[in-house]
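Survey of secondary and tertiary structure
Listed below are the residues making up each chain.
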Amino acid sequence: MRGLAVAMLEARDFAAETSSRSSKLIHGGLRYLPQFQFRLVRNALRERERLRRLTAPHLVRPVRFLFPLYRGRGFGRGRMVAGLFLYDLFARIPRSERHRSLSAEEVLELEPMLAGEGLAGGATYCDAWADDARITLENVLDAALHGAAVANYASVEGFSRMGGRLGAASVRDRLSGRGFEVRARLFVNAAGPWVDDVRRMEDRAVAPCIRLTKGVHLVFPRERLPVRESLVLSDDRDRIVFVMPHGRYVLVGTTDTDFAGDPAVVAADRGDVQYLLDVLGQTLRGAVPGAADVASSFAGLRALVTTSASRAPSSVPREEVLLDSDAGMITVAGGKLTTHREIAEKVVNHALKKLGRAGGKSPTAITPLPGARPLQAGDPSAAKALQGLDPITREILDSRYGSRAVRVAAIIAGHPALAAPLAEGCSAVAGEVLHAIRDEMACSLADFMVRRTSLVWRAPLEAVAAAPAAASLMARELGWDRAREEAEVRDFIHDMQRRRSP
Ligand SMILES: Cc1cc2nc3c(=O)[nH]c(=O)nc-3n(C[C@H](O)[C@H](O)[C@H](O)COP(=O)(O)OP(=O)(O)OC[C@H]3O[C@@H](n4cnc5c(N)ncnc54)[C@H](O)[C@@H]3O)c2cc1C
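Residues numbered from 1 in each chain as written. Predicted model: local features only at pLDDT ≥ 70, side-chain atom pairs only at ≥ 80, totals over all residues. Heavy atoms only, no water.

**Let's talk about the overall build of the protein**
When helices and strands are counted, the protein shows 15 helices and 18 strands. Over its C-alpha atoms the protein spans a radius of gyration of 23 Å, differing by no more than 12% from the 23 Å that the globule rule assigns to 502 residues. Considered along the principal axes of its C-alpha atoms, the protein spans approximately 65 × 55 × 45 Å. Within the span of the protein, comprising 502 residues, buried residues form 54% of the whole. Within the protein, contacts between residues separated by at least 24 positions form 72% of all contacts whose residues are at least 6 apart in sequence. As displayed, the protein has an accessible area near 22,000 Å², and 54% of this comes from carbon and sulfur atoms. With 70 positive and 59 negative side-chain charges, the protein shows a spacing of 4 Å between the two charge centroids. (Helix = DSSP H or I, 4+ residues; strand = E, 2+ residues; numbered from the N terminus. Rg over C-alpha atoms; globule rule 2.2 N^0.38 Å. Buried < 20%, exposed > 50% of the residue type's maximum accessible area, 1.4 Å probe, protein only. Contact = heavy atoms within 4.5 Å. Areas by Shrake-Rupley, 256 points an atom, 1.4 Å probe, with all protein chains shown as cover. Lys, Arg positive; Asp, Glu negative; His and termini not counted. Charge placed at Lys NZ, Arg CZ, Asp CG, Glu CD.)

**Quick notes on the pairing of strand 14 (residues 249-253)**
Counting buried positions along strand 14 gives five out of five residues, so the element sits mostly inside the fold. Inspection of the sheet shows strand 11 (residues 210-221) paired to strand 14 by five bridges, in the antiparallel sense. Bridge pairing in strand 14 places H217 opposite G253. Examined bridge by bridge, strand 13 (residues 240-246) and strand 14 share five bridges and lie antiparallel to one another. When the sheet's bridge partners are listed, M244 is paired in strand 14 with L251. Count of turn residues in the strand 13/strand 14 antiparallel hairpin: two residues, of which G247 carries a positive phi of about 60 degrees. (Pairing = 2+ DSSP bridges.)

**Section: the sheet that holds strand 8 (residues 165-173)**
Within the open sheet, the three strands sit side by side as 7-8-9. Their pairing is antiparallel. Single-partner strands in this sheet number two, and they are strand 7 (154-162) and strand 9 (179-183). With strand direction ignored, the average angle separating the axes of adjacent strands in the sheet is 30 degrees. When strand 7 meets strand 8, the two strands line up antiparallel, connected through eight bridges. Looking across to strand 8, one finds that V156 is bridged to V171. Helix 5 (residues 195-202) rests against strand 7 and strand 8 of the sheet, and its axis sits at about 30 degrees to strand 7. (Axes fitted to C-alpha atoms, helices over the stretch in contact; angles between N-to-C directions.)

**Brief notes about the packing of helix 11 (residues 430-440) against helix 14 (residues 460-478)**
The relative placement of two packed helices is expressed as an angle between their axes plus a distance between the axes. Contact pair helix 11 / helix 14: the axes reach a minimum separation of 9 Å and the direction vectors enclose 40 degrees. By the criterion of interaxial angle, the relationship of helix 11 to helix 14 is oblique. As for how helix 11 packs across helix 14, the hand of that crossing is right-handed. Where helix 11 abuts helix 14, its residues A430, V433, L434, I437 and R438 lie against A470, L473, M474, E477 and L478. (Parallel < 35°, antiparallel > 145°, perpendicular 65-115°, else oblique. Left-handed = near helix turned anticlockwise from the far one by under 90°.)

**Points about the site of the ligand**
Around the ligand sit 33 residues in total, of which E10, T18, S19, L25 and T338 are the nearest. Within the side chain of R12, one N or O atom sits 2.7 Å away from an oxygen atom of the ligand. For the ligand, whose free accessible area comes to 1,000 Å², the fraction covered by protein is 87%. Of the residues assigned to the shell around the ligand, the class counts are 13 nonpolar, 13 polar and seven charged. (Near = heavy atom within 4 Å. Polar contact = N/O pair within 3.5 Å; in protein donor to acceptor, adjacent residues only side chain to side chain. Nonpolar A, V, L, I, M, F, W, Y, C, P; charged D, E, K, R; others polar.)

**Comments concerning the nonpolar core**
Within soluble globular proteins, side chains that are nonpolar tend to cluster in buried spots. Core analysis: the biggest nonpolar cluster contains 74 residues, and Y125, L422, L445 and M449 have the highest contact counts within it. Filtering out sequence-adjacent residues up to four positions away, Y125 remains in contact with L30, V63, R64, F65, F67, L84, Y87, H99, V232 and F242. L114, A115, L233 and A303 belong to the second-largest nonpolar core, a separate cluster that totals 41 residues. (Core = buried A, V, L, I, M, F, W, Y, C linked by side-chain atoms within 4.5 Å.)

**Focus on the side chain of R302**
Of note, R302 is situated in strand 16 (residues 296-305). Reaching out from R302, the side chain makes a polar contact with the side chain of D256 at a distance of 2.9 Å.

**Here we look at the sheet that holds strand 17 (residues 321-324)**
Strand pairing within a sheet occurs via backbone hydrogen bonds; the two strands may be parallel or antiparallel. With respect to topology, three strands assemble into an open sheet ordered 10-18-17, the strand pairing being mixed. What marks the edges here is a single partner per strand, and that holds for strand 10 (187-189) and strand 17. Neighbour-to-neighbour, the strand axes of this sheet turn through a mean angle of 20 degrees, independent of strand direction. Relative to strand 18 (residues 329-333), strand 10 runs parallel, the two sharing three bridges. Within strand 18, the position partnered with F187 by the bridge is M329. Strand contacts of helix 5: strand 10, strand 17 and strand 18, with the helix running at about 165 degrees to strand 18, the strand carrying the most contacts.

**Remarks on the packing of aromatic side chains**
Under the definition given, this model contains six aromatic pairs. Both rings, one in F65 and one in F242, keep their centres 5.4 Å apart while their planes meet at 50 degrees; by these two values the pair is tilted. With F65 in strand 3 (residues 60-70) and F242 in strand 13, this residue pair connects regions lying 177 residues apart in the sequence. Measuring from centroid to centroid gives 5.7 Å for Y87 and Y125, while their planes differ by 90 degrees, and the two rings are edge-to-face. With Y87 in helix 2 (residues 77-91) and Y125 in strand 5 (residues 119-130), this residue pair connects regions lying 38 residues apart in the sequence. For Y87, a relative accessible area of 1% puts it in the buried group. Clustering of aromatic rings is evident, with ring pairs tying together F65, Y87, Y125 and F242. (Phe/Tyr/Trp six-rings, centres within 6.5 Å; stacked < 30°, edge-to-face > 60°.)

**A closer look at empty space enclosed by the protein**
In this structure the tally under the stated criterion is four cavities of 30 Å³ or more. Reported here for the largest cavity is a volume of approximately 50 Å³. Lining the largest cavity, in full, are F67, P68, L69, Y70, R73, G74, F75, V232, L233, S234 and T283. Ranked by residues supplied to the lining of the largest cavity, first place goes to strand 3 with four residues. Residues belonging to the lining of the largest cavity are distributed by class as follows: seven nonpolar, three polar and one charged. (1 Å grid on protein atoms, 1.4 Å probe; cavity = no way out; pocket = protein on both sides within 12 Å on 5 of 7 lines; lining within 4 Å. Points joined across faces, edges and corners; volume = space filled by probe spheres on them.)

Below, the structure written as structure tokens:
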């Protein structure tokens with residue numbers, strides 16, 4: 001896009017780590033206002049509006065949150081109203097979307113599941129959510145469409161130097177086991193929870209720049225947590241926990257605790273589950289769910305820029321930092337998914353400066369992601385195939401792929417049986433499996449279930465039922481033998497069991 005020749009290497013699948021394990025909010029972060037992180041909130045809200053209205057409207061959806069206020073807990077009314085006023089102001093949203101203060105009666109009318117005792121009123125406000133893995137993937141696809149070489153399952157294992165500066169990365173293809181080298185004039189380390197590991201590949205003695213904290217989300221069937229609204233609840237130390245209904249399931253999260261283990265095996269544990277159940281139990285009435293009702297869970301690691309180890313995890317600033325190494329590596333650490341575009345722009349500006357190149361102004365602020373771009377005049381039969389799909393399937397494809405839904409439709413057009421759901425009630429159709437392999441670089445069943453369709457949290461029970469059909473299609477497309485196909489299903493089911501019983 002700005003004249004650089006770029007290669008992007010991902011050790012696992014695209015978005016396999018933090019970027020598929022977030023709260024899925026494209027937001028300013030209301031909770032950062034009391035910490036006076038105004039710049040972060042303002043920039044994030046600007047990015048939210050950009051994504052929602054221009055660059056990714058097919059992926060980023062508005063969501064109305066109900067924020068109940070309880071006496072002696074959470075934000076006080078004054079703080080909440082001031083915070084929401086600033087939030088709307090920074091976002092520059094139309095009047096119809098601005099926050100609204102509510103009495104206790106109005107809050108209960110909107111959400112009868114909330115406990116009435118101690119309820120002092122509340123407010124509604126507008127934010128947005130998105131499928132985090134697909135936003136990440138669309139950025140990767142866009143990079144490839146603009147000429148970058150992109151590879152998943154390609155792990156950087158070390159660097160070699162030329163004249164004191166980093167000259168090449170040693171890379172391992174994790175699927176074939178083969179090694180190769182990528183030469184470059186400049187390296188950018190955006191390895192999330194592993195940024196310090198990559199920095200140590202250059203300088204073994206370098207001091208860490210990040211601190212990891214774990215965030216866990218639980219997924220409940222809607223009938224076990226029949227909330228009507230998306231809710232902002234508070235624990236007894238004023239930490240915010242979101243409750244977000246998505247179709248037939250409800251997402252609840254998150255936690256924020258220091259993490260010192262292996263980042264590759266982060267998962268929810270019983271303490272995380274109990275914490276979230278306690279918050280639900282303190283604020284909701286009726287039969288609140290228990291641990292046995294968890295349908296799925298996921299855990300991610302925040303890579304927070306090191307400030308003070310004694311600060312509570314929730315109060316560590318979330319803004320990103322760029323670090324330059326002696327041998328010419330740029331490390332980017334911290335930040336939010338919401339501000340990914342702005343962070344990338346800063347990194348590229350910095351890289352251009354270091355390379356002594358002009359590059360011009362970044363066009364990403366006004367360039368829609370691939371699924372938000374108008375259709376090229378392509379195969380008319382594909383567009384016709386899309387029209388011919390039943391409205392529910394069409395809606396699923398539109399919301400997942402935007403204008404690229406025609407690519408799935410083109411696959412289905414040749415084989416109408418591929419329009420069938422992968423299992424009863426499953427919100428993914430068979431044709432999507434082939435599309436994920438052919439157009440989106442999916443290599444395993446988990447790539448499809450976890451990152452391409454998010455079925456693991458959007459429809460976890462249906463995902464288990466759909467696994468054999470999806471694996472069978474993958475086996476045919478990728479030439480897997482029977483043993484590989486069975487292993488893929490077994491590993492996926494095992495992962496789902498682990499997610500259900502943390
Ligand atoms: C619980 C939780 C909730 C969150 N909620 C939100 C939210 O609602 N909204 C929001 O805006 N932000 C949220 N965030 C923050 C957001 O998810 C992160 O800022 C973002 O996903 C970080 O992306 P990243 O690319 O830096 O890290 P990652 O997504 O972790 O990507 C780093 C990648 O580097 C790869 N890698 C590591 N080592 C190597 C190597 N040697 N070679 C090649 N590749 C390597 C890894 O495999 C990994 O995929 C949340 C974070 C957490 C943990």
